[in-house]
Amino acid sequence: MSSANLLTDHPELYERRFPDPDHRAARWTEDVLVRHGAGPRVLDVGCGTGRDAAWLHRVAGRRVTAIDTSATMLAYARDRHPGPAHHLADMRDFDLGTVFDAVVCLDSALLYCHTNDDLTAFLGRCRAHLTPGGLLVAEMRNGAYFLGGNELLDGPRTASFAWQGTTYTSRTTLWVDHGAQLLRRRRTWTTDDGSCAEEQHSAWRLLFPQELRHFLTTAGFEVLALHDGPGPRTEPPWNEGDTPRTTARSDRLHLVARLMPHLSNGDSTS
C-alpha cells in the first residue's frame, strides 16, 4: 500500500469521479455573491482543479485569484481552466499583497483547518485580504449532522468509475475521532489493470454551527447566513431561484459572513 492521494495527484481523475457539468457549485457561489452584493474581486481558497474559479472568472465576469497547496492541481487548473491568477499557498498563512471583495471556500476546504489555531489563522488571513464589508462564503460538511446521523458512517462504501479504458474502484470508510473532533477517512483504490492498490488517509474538522458563529464573531465577522441548504452538494441540489433554508440539521453547511468595517485590513487587531 502507498500513501498517495490518487485524485489529488491526478486531477483529471478527480473531475471524472466528481463531475460538475452544469457548474452548479460555481453558479451557487455566484448566486450568493450577487444576493449579498459582493464586488468583482474574488479569492478562491482551496481551488482544486480550478473549474469553479474559471467559471466565476470567465462566465460571471469576476476577477478571480485562486490558491491551493497542490502544485499538481494548480498546474492542471492553469492548463485546463485558465483565466484566474493561480498561486501555491497555504490557507493558514497566505499573503497575496492585495485585497478582495469576497473569499470563497468550497467543498469542505475550510475543514482542513483541523485545530482552533488553524481556523483562527485562516480567518485572520481572510480579514487581512478582505475589503471592509467583504464576504466569506463557505460550503462544507456539517458537524451537527454527526450528533445523531450515522448514515455516512455505516460503511465501508464502494464506488467505481471508468476512465481511458480502466475501471477505478474506491472502498471508503469514515469514522469520527471524537477527541480531535475530526471526521477521518480511509480510502483504498484498486483498478482492473493489475496496478497495486493505493490507500489514502484524510480528515476534516467537524465544526458545529454555534461553534462556527463564535469563531467568526471573534474574528470580526457578522454571520449573514448559516444553513443546511439547498446547495451544490445537497439532495436535492440547489437550482436558480431556490431560497436558503433556516435549518442546520443535514449533512452540508453553507456559510455567508461579512467582515465588519472596524476589523478591516490594516486594523491593529489583525
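See the structure above.
Here is a short report on the structure shown in this document.

About the cut-offs
- Residues numbered from 1 in each chain as written.
- Predicted model: local features only at pLDDT ≥ 70, side-chain atom pairs only at ≥ 80, totals over all residues.
- Heavy atoms only, no water.
- Core = buried A, V, L, I, M, F, W, Y, C linked by side-chain atoms within 4.5 Å.
- Buried < 20%, exposed > 50% of the residue type's maximum accessible area, 1.4 Å probe, protein only.
- Helix = DSSP H or I, 4+ residues; strand = E, 2+ residues; numbered from the N terminus.
- Contact = heavy atoms within 4.5 Å.
- Pairing = 2+ DSSP bridges.
- Axes fitted to C-alpha atoms, helices over the stretch in contact; angles between N-to-C directions.

A word on the nonpolar core. Taken as a class, soluble globular proteins show a tendency for nonpolar side chains to be buried jointly. Leu 110, Phe 122, Leu 136, Leu 212, Leu 216, Phe 221 and Leu 255 are the most contacted members of the largest nonpolar core, which has 40 residues in total. Listing elements by their share of this core, those giving two or more residues are β1 (41-45), β4 (100-105), α6 (116-129), β5 (130-141), α7 (209-218), β10 (221-227) and β11 (252-259). When neighbours within four sequence positions are excluded, Phe 221 is seen to be in contact with Leu 123, Cys 126, Arg 127, Leu 130, Leu 136, Leu 216, Ala 257, Arg 258, Leu 259 and Met 260.

What follows is about the sheet that holds β1. To summarise the sheet geometry, strands pair through backbone hydrogen bonds and adopt either a parallel or an antiparallel arrangement. The seven strands are arranged β3-β2-β1-β4-β5-β11-β10 in an open sheet whose pairing can be described as mixed. Every other strand in the sheet has two partners, leaving β3 (85-88) and β10 as the edge strands with one partner each. Taken over all neighbouring pairs, the strand axes of this sheet differ in orientation by 15° on average, direction set aside. Taken together, the four bridges between strand β2 (residues 63-68) and β3 define a ladder with parallel strand orientation. Each residue of the ladder has a partner; that of Asp 68, found in β3, is Leu 88. Its contacts with the sheet put helix α4 (residues 51-58) on β1 and β2, and the angle it makes with β2 is roughly 170°. In this fold α7 packs onto β5, β10 and β11, with an angle of close to 160° to the strand it touches most, β10.

By themselves these figures say nothing about function.
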